Amino acid sequence: LTSAGLTDAFIAAYTTNGGILFAKAIGGAQTDRGMDIASDSSNVVVIGDFQSTVNFGTVANPITYSTTAYASFDVFVTKYSSADGSVLWAKRINTLLDDYSKSISIDTAFNVYATGTFKGAADFDTAPTTFTASSYNGTDDVFTIKYDKDGAVQWVNRFGGNTADEVNKIVVEP
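Just so it is clear, the structure is predicted and the values come from calculations on it, not from any experiment.

Caption draft 1: Representation of the pattern of salt bridges. Scanning the entire structure with this criterion turns up six salt bridges. Between K102 and E166 there is a salt bridge, with its nearest N and O atoms 3.7 Å apart. Taken as a pair, K102 in strand β9 (residues 100-106) and E166 in the segment after β14 (153-159) lie far apart in primary sequence, 64 residues in all. Judged by relative accessible area, K102 falls into the partly exposed class, the value being 27%. Between K119 and D140 there is a salt bridge, and its shortest N-O distance comes to 4.0 Å. Of this pair, K119 sits in the loop between β10 (112-118) and β11 (121-123) while D140 sits in the loop between β12 (132-134) and β13 (141-147), and the two are 21 residues apart along the sequence. A residue is classified by how much of its surface remains accessible, and K119, at 29% relative accessible area, is partly exposed.

Caption draft 2: Structural context of the packing of aromatic side chains. One pass over the full model with this rule turns up six aromatic pairs. Geometrically, the ring pair formed by W89 and Y147 is tilted, given 5.3 Å between the ring centres and 45 degrees between the ring planes. One end of the pair, W89, is in strand β8 (residues 87-93); the other, Y147, is in strand β13, and 58 residues separate them in sequence. The same class applies to W89 as to Y147, namely buried. Centroid distance F118 to F143: 6.5 Å. Interplanar angle 55 degrees. Geometry classified as tilted.

Caption draft 3: Region of interest: the sheet that holds strand β7 (residues 73-81). Taken in spatial order, the four strands of this open sheet run β3-β4-β7-β8, and their pairing is antiparallel. If you trace the sheet from one side to the other, it starts and ends with β3 (32-39) and β8, each paired once. On average, each strand axis in the sheet is tilted by 20 degrees relative to the strand beside it, whichever way the strands run. One ladder, built from nine bridges, connects strand β4 (residues 43-51) with β7; its direction is antiparallel. Across the sheet, the residue bridging to I47 is V77, located in β7.

Cut-offs used in this document
Residues numbered from 1 in each chain as written. Predicted model: local features only at pLDDT ≥ 70, side-chain atom pairs only at ≥ 80, totals over all residues. Heavy atoms only, no water. Salt bridge = Lys/Arg side-chain N within 4 Å of Asp/Glu carboxyl O. Helix = DSSP H or I, 4+ residues; strand = E, 2+ residues; numbered from the N terminus. Buried < 20%, exposed > 50% of the residue type's maximum accessible area, 1.4 Å probe, protein only. Phe/Tyr/Trp six-rings, centres within 6.5 Å; stacked < 30°, edge-to-face > 60°. Pairing = 2+ DSSP bridges. Axes fitted to C-alpha atoms, helices over the stretch in contact; angles between N-to-C directions.

Remember, this is a structural readout, not a statement about activity or role.
Structure (structure tokens):
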């Protein structure tokens, strides 16, 4: 793999003997970070942050998102096939300010749960039914979002108070 910018993230899968099955880059021209990863019997999900533009696909078949403000970070949530690393879907969470990813989990029905922080008015889904939330008092608030197995947003929750709020981990019990 070759970095596309300042820093990139990647996922890789190996055989039980240490042989590589696949490796996939997640990156663009600026800083891109993978913050957490989870898997089940057939999928791998990754949550991270990116600046500027990020590509989850290939040069021949790009799946790209761009941030709304040049210097800010947005959050990505991406689901891959664990068989070959192909991208099944990719989502962006964005505001005009910085948004940061923290943790991701999968339940037994293959639903994906993600959490992180956002500041300002956030768009959690760019589909016709838009899920939005605003942080309280212009400070960092926590988001928790649920996607179904196909990447459709099921719900979004916002948590926060008068000062900046943080989150570290999300866990889904079977």
